[in-house]
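Summary of structural features
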Amino acid sequence: MDNLSPEIIEKIRQQFEKAPYPRVPLDQSPKDDLNALYIHNLVTAYYLRQQKVIETQGKVILDAGCGSGYKALMLAEANPGAKIVGIDISEESVKLARQRLQHHGFENVEFHVLSIYDLANLGQEFDYINNDEVLYLIPDIFAALKAMKSVLKPQGIIRTNLHSAIQRSGYFRAQELFKTMGLMDGNPEEMEIEVAIETMKALKNGVELKARAWNPSYETPEGRAALLSNHLLVGDKGYTIPEMFAALREADLEFVSMVYWRYWDVTDLFQEPDNLPALWAMSLPEIALEERLHLYELLHPIHRLLDFWCAHPSQVDLVVPVEQWEPSDWEKSRVHLHPQLKSAKVREDLLKCITEQKPFVISSYVTLPALAPVEIDSTVAACLLPLWDGSVLVKAIVERWLKIRPLDLVTLAPVSEQTAFDEVKQLLRKLEVFLYVLLER
């Protein structure tokens, strides 16, 4: 395509040929990183979009911009039985990705040296596309989004991200400085890194750019690599929330959710979320999600990435939020445990808490969606034990609840089925907020 600035793309390719990313040892595995697996598991994104639980077996996942293959490995670990396809413009990166997946024993994988704009040449469609830490380097993000959309199955989901123009403003100024100095005319190497380090060190400590974009750790071997990925990153560009949504509209894609959605609630920024200033209390419930996210970033730009999921527009049935379910919905609903909690270690810990009558801190395994520890009373946790063997109906949990907690602890009167049903609903709604349990109507 004529508008894609082939010179910039070639510079980016050369940079990652010489320094493949991420720089993770070949034998390092993410299989015990439940937070990362939780994000990379298709179940998480599909549930947020469709409020349905899918099987990963047989799904086809694309890692668009796979780099050295660590995220492809993460996708393989998080989604048992799925086929993983990786592409990257760096031949050296693709070589490392192949070696990595082979080293960890994954065979249902394939990697190609390919531009994201040429995805149609693969002749495949995908249930999920992971495009992580790539889009902000691409000169034409609209064309890249459209290319991914063209190979996305009707109910598929794309995960991608853009650098925040506000949060990374110091790094963008550093990049502009080093462009002006000629350090980014070609592909930055050791000499350019050394000049950048010398420049930042030589500035007075009170200089604003040094205060925002310098740390002595950049002088270490790991820090030098980080400096190359920030201060001297070729093609890097920042975006705002409105620009992110404009790109989605241009590509005719529907916003699904921020990947770390629990950390984008603007009400959490106030000392008393339940007692907001009058104007905020009146206006917030009425404004669109795009504006709420924009307000968050203006107030508290802590996120380096505008990290989000998107999909084909209007490809799912209208989802009724759990808090709006009728009693009849609950009576027929099914409960699933999130796959990343369904491990022998978590179940063993749960049994120990039940035996010792200690609270079960379910958030200690997958911490990302919880802003504070999420504890469950040991007897309550015992009611959820069958979920480690498979999904169950809500009414089955109610029946188990009545056996474990048959009496009111204050009056010693028998607990009614309706009371047990209400208490189970309260528990499941609490856990569903964090997607520790998944509820299907």
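Here the structure is shown first, and the text comes after it.
Right, let's walk through the structure included here. (Residues numbered from 1 in each chain as written. Predicted model: local features only at pLDDT ≥ 70, side-chain atom pairs only at ≥ 80, totals over all residues. Heavy atoms only, no water.)

Considering the overall build of the protein chain
Within the protein chain, the regular secondary structure consists of 18 helices and 13 strands. Computed over the C-alpha atoms, the radius of gyration of the protein chain is 24 Å, within 12% of the 22 Å expected from 2.2 N^0.38 for a compact globule of 441 residues. Dimensions of the protein chain, computed from the C-alpha atoms along their principal axes, are close to 80 × 55 × 45 Å. Within the protein chain, the proportion of its 441 residues that are buried is 50%. Carbon together with sulfur atoms contributes 51% to the accessible area of the protein chain, which is approximately 21,100 Å² in total. Within the protein chain, one finds 45 positive and 63 negative side-chain charges whose respective centroids are separated by 2 Å. (Helix = DSSP H or I, 4+ residues; strand = E, 2+ residues; numbered from the N terminus. Rg over C-alpha atoms; globule rule 2.2 N^0.38 Å. Buried < 20%, exposed > 50% of the residue type's maximum accessible area, 1.4 Å probe, protein only. Areas by Shrake-Rupley, 256 points an atom, 1.4 Å probe, with all protein chains shown as cover. Lys, Arg positive; Asp, Glu negative; His and termini not counted. Charge placed at Lys NZ, Arg CZ, Asp CG, Glu CD.)

Quick look at the sheet that holds strand E12 (residues 392–393)
If you trace the 3 strands from one edge of the open sheet to the other, you get E12-E9-E13, paired in antiparallel fashion. What marks the edges here is a single partner per strand, and that holds for E12 and strand E13 (437–440). (Pairing = 2+ DSSP bridges.)

Describing empty space enclosed by the protein
In the structure shown here, the tally under the stated rule is 1 cavity of 30 Å³ or more. Residue lining of the largest cavity: Tyr38, Ile39, Val259, Tyr260, Trp261, Arg262, Tyr263, Leu368 and Pro369, and that is the complete set. A per-class count over the lining of the largest cavity returns 8 nonpolar, no polar and 1 charged. (1 Å grid on protein atoms, 1.4 Å probe; cavity = no way out; pocket = protein on both sides within 12 Å on 5 of 7 lines; lining within 4 Å. Points joined across faces, edges and corners; volume = space filled by probe spheres on them. Nonpolar A, V, L, I, M, F, W, Y, C, P; charged D, E, K, R; others polar.)

Regarding the side chain of Ser90
With respect to the element layout, Ser90 can be found in the loop between strand E2 (83–88) and helix H5 (91–103). In contact with Ser90, other than residues within four places in its own chain, are Arg13, Phe16 and Glu17. (Contact = heavy atoms within 4.5 Å.)

Notes on the layout of surface pockets
Of the volumes computed, that of the largest pocket is approximately 1,000 Å³. Lining the largest pocket we find 29 residues, and of these Leu48, Val256, Ser257, Trp261 and Glu323 sit closest to its centre. Among the secondary structure elements, those contributing two or more residues to the lining of the largest pocket are helix H3 (42–50), strand E7 (254–258) and helix H13 (289–299). For the lining of the largest pocket, the leading source of residues is E7, giving 5 residues. Tallied by class, residues from the lining of the largest pocket come to 18 nonpolar, 2 polar and 9 charged. Estimated volume of the second largest pocket: approximately 480 Å³.

Digging into the packing of helix H6 (residues 141–150) against helix H11 (residues 241–250)
Across the interface, H6 lies against H11 with an axial gap of 9 Å and an inter-helix angle of 50°. On the basis of their axis angle, the class for H6 and H11 is oblique. Crossing handedness for the pair H6 and H11: right-handed. Where H6 abuts H11, its residues Ile141, Phe142, Leu145 and Lys146 lie against Ala246, Ala247 and Glu250. Tallied by class, the residues present in the contact of H6 with H11 amount to 5 nonpolar, no polar and 2 charged. (Axes fitted to C-alpha atoms, helices over the stretch in contact; angles between N-to-C directions. Parallel < 35°, antiparallel > 145°, perpendicular 65-115°, else oblique. Left-handed = near helix turned anticlockwise from the far one by under 90°.)

Here's the deal with the pairing of E2
With respect to burial, E2 is a largely interior element, 5 of its 6 residues being buried. For the handedness criterion, the β-α-β arrangement of strand E1 (residues 60–64), helix H4 (residues 70–78) and E2 is classed as right-handed. The sheet contact formed by E2 and strand E3 (residues 109–113) spans 5 bridges and is parallel. Paired with Ile87 across the strands is His112, a residue of E3. (Right-handed = clockwise from strand over helix to strand, strands pointing away.)

Regarding the pattern of salt bridges
Close approach of charged atoms allows side chains of opposite charge to pair. In this structure the tally under the stated criterion is 23 salt bridges. Note that Glu250 is salt-bridged to Lys146, the shortest N-O span being 3.7 Å. Pair noted here: Glu250 is in helix H11 and Lys146 is in helix H6, with a separation of 104 residues, a long-range link. With a shortest N-O distance of 2.7 Å, Asp307 and Arg159 are connected by a salt bridge. (Salt bridge = Lys/Arg side-chain N within 4 Å of Asp/Glu carboxyl O.)

So, helix H8 (residues 190–202)
A rise of 1.5 Å per residue sets the reference length of H8, with its 13 residues, at 18 Å; its end C-alpha atoms lie 18 Å apart and thus fit the reference within 8%. Residues of H8 that are buried: Glu192, Ile193, Ala196, Ile197, Thr199 and Met200. Down the axis of H8, the sector holding all buried residues measures 160°, keeping them to one side. H8 presents Glu190, Met191 and Ala202 as exposed residues on the side facing more than 90 degrees away from its buried surface. For H8, the secondary structure elements touched by its buried residues are helix H7 (169–180), helix H9 (208–213) and helix H10 (221–228). (Expected span 1.5 Å × (residues − 1). Arc of directions from axis to C-beta.)

Comments concerning the environment of Gln315
Looking at the secondary structure, you find Gln315 in the loop between strand E8 (305–311) and helix H14 (327–332). For Gln315, a relative accessible area of 34% puts it in the partly exposed group. In this structure the C-alpha to C-alpha distance between Gln315 and Gly156, which are 159 residues apart in sequence, comes to 9.1 Å. With sequence-adjacent residues up to four places away left out, Gln315 is seen in contact with Arg49, Pro154 and Gln155.

Considerations on H4
With 7 of 9 residues buried, H4 lies mostly within the body of the structure. Close packing links the buried residues of H4 with helix H2 (34–40), E1, E2, H5, E3 and strand E4 (126–131).

Quick word on the nonpolar core
Counting 75 residues, the largest nonpolar core has Phe360, Ile376, Leu428, Leu431, Tyr436 and Leu439 as the members making the most contacts within it. Ranked by residues supplied to this core, first place goes to H4 with 7 residues. Counting residues in each nonpolar core, the second largest holds 45 residues, with Leu122, Val151, Phe245 and Tyr296 among its members. (Core = buried A, V, L, I, M, F, W, Y, C linked by side-chain atoms within 4.5 Å.)

A few points about the environment of Leu439
Along the polypeptide, Leu439 turns up in strand E13. With 286 residues separating them along the chain, Leu439 and Lys153 place their C-alpha atoms 24 Å apart. Setting aside anything within four residues of it in sequence, one finds Leu439 in contact with Tyr47, Gln51, Val322, Trp325, Trp330, Arg334, Val335, Leu428 and Glu432.

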